[in-house]
Amino acid sequence: MTEKTTGTIGVRVWSDYVCPFCMLAEGPLHEATRDLDVEIEWMPFELRPHPTPTLRPEDPYLPAIWERAVYPMARRMGVDITLPTVSPQPYTRLAFEGYQYAAEHGRAAEYTPRVLRAFFQENRDIGRTEVLADIASELGLDGDDFTAALTAGTYTAAHQDALRTAEAFRISVAPTIIIDGRHRIEGVPTVAQIRKAVLDAQAEQAVAGDAPACGIDGC
């Protein structure tokens, strides 16, 4: 009997850098897949693109939602996270253009978690080019070249293409995780949810690969 095999399962995570739940999703995502053959790709999704006003931490909404939902979840998960005092919260287009630079230079997987930590653990203004350039340098990228690229808008078109991909997948909340193009999880996932979806996708690939069929040259 031929052993059924599967390829690497793609896991795409649509996130925004000002969404605390996106940072909280990272732990379950990696725990669930650490022994599985997956490729995790962070995908851009702007919750409040310009000129939509961004949120202010001194207004009632943010402290309320953090006390009700973010902090309790973070405590359960053992994640150090704090409501940033940056006001108003930054637009994230520039940070996402930085992501496109990082992706082109082989640092996509490290970039998004690092920007999330910069905002939610270090209280840094990730809407500023110099802050993003510091992060890029930490990841081994050329900070001056990174700054020049963002200043020139070199990756603006690539970011807009990424936003159109989000529209095509009807992304409306962050985080949204789509596994193997079919299994969709919205919000912070549990380890069990992620693992089941990946294993289901592997099983589906195995069944598809084992299905009998005829080609144009015969059976």
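A brief look at the structure comes next. Please read these numbers as outputs of a predicted model, since none were measured by experiment. (Residues numbered from 1 in each chain as written. Predicted model: local features only at pLDDT ≥ 70, side-chain atom pairs only at ≥ 80, totals over all residues. Heavy atoms only, no water.)

## Notes on the overall build of the protein
Reasoning step 1: The helix and strand tally for the protein stands at eight helices and four strands.
Reasoning step 2: Tracing the protein from N to C terminus, the helices and strands come up as β-α-β-α-α-α-α-α-α-β-β-α.
Reasoning step 3: The dimensions of the protein, computed from C-alpha atoms along their principal axes, are 65 × 40 × 30 Å.
Reasoning step 4: Per-residue burial over the protein gives 44% buried out of 219 residues.
Reasoning step 5: Nonlocal contacts in the protein, meaning residues at least 24 apart in sequence, comprise 72% of its contacts between residues at least 6 apart.
Reasoning step 6: Total accessible area on the protein stands at roughly 11400 Å², and carbon and sulfur atoms take up 51% of it.
Reasoning step 7: With 20 positive and 32 negative side-chain charges, the protein shows a spacing of 6 Å between the two charge centroids. (Helix = DSSP H or I, 4+ residues; strand = E, 2+ residues; numbered from the N terminus. Buried < 20%, exposed > 50% of the residue type's maximum accessible area, 1.4 Å probe, protein only. Contact = heavy atoms within 4.5 Å. Areas by Shrake-Rupley, 256 points an atom, 1.4 Å probe, with all protein chains shown as cover. Lys, Arg positive; Asp, Glu negative; His and termini not counted. Charge placed at Lys NZ, Arg CZ, Asp CG, Glu CD.)

## Concerning the environment of T147
Reasoning step 1: In this fold, T147 is placed in helix α6 (residues 143-152).
Reasoning step 2: By relative accessible area, T147 is classed as partly exposed at 27%.
Reasoning step 3: For the pair formed by T147 and T129, sequence separation is 18 residues and the distance between their alpha carbons is 6.6 Å.
Reasoning step 4: When residues no more than four places from it in sequence are discounted, the contact partners of T147 are T129 and A133.

## Focus: helix α2 (residues 61-77)
Reasoning step 1: Between its first and last C-alpha, α2 extends 23 Å over 17 residues, near the 24 Å set by a 1.5 Å rise per residue.
Reasoning step 2: Its axis deflected by about 45° at E67, α2 carries its strongest bend there.
Reasoning step 3: L62, I65, W66, V70, Y71, P72, M73 and A74 are the residues of α2 that are buried.
Reasoning step 4: Looking at the buried residues of α2, the elements they touch are α1 (20-33) and α4 (108-120).
Reasoning step 5: G78 sits one or two residues past α2 and shows a positive phi near 70°. (Expected span 1.5 Å × (residues − 1). Bend = angle between axes of the 7 residues up to and from the residue.)

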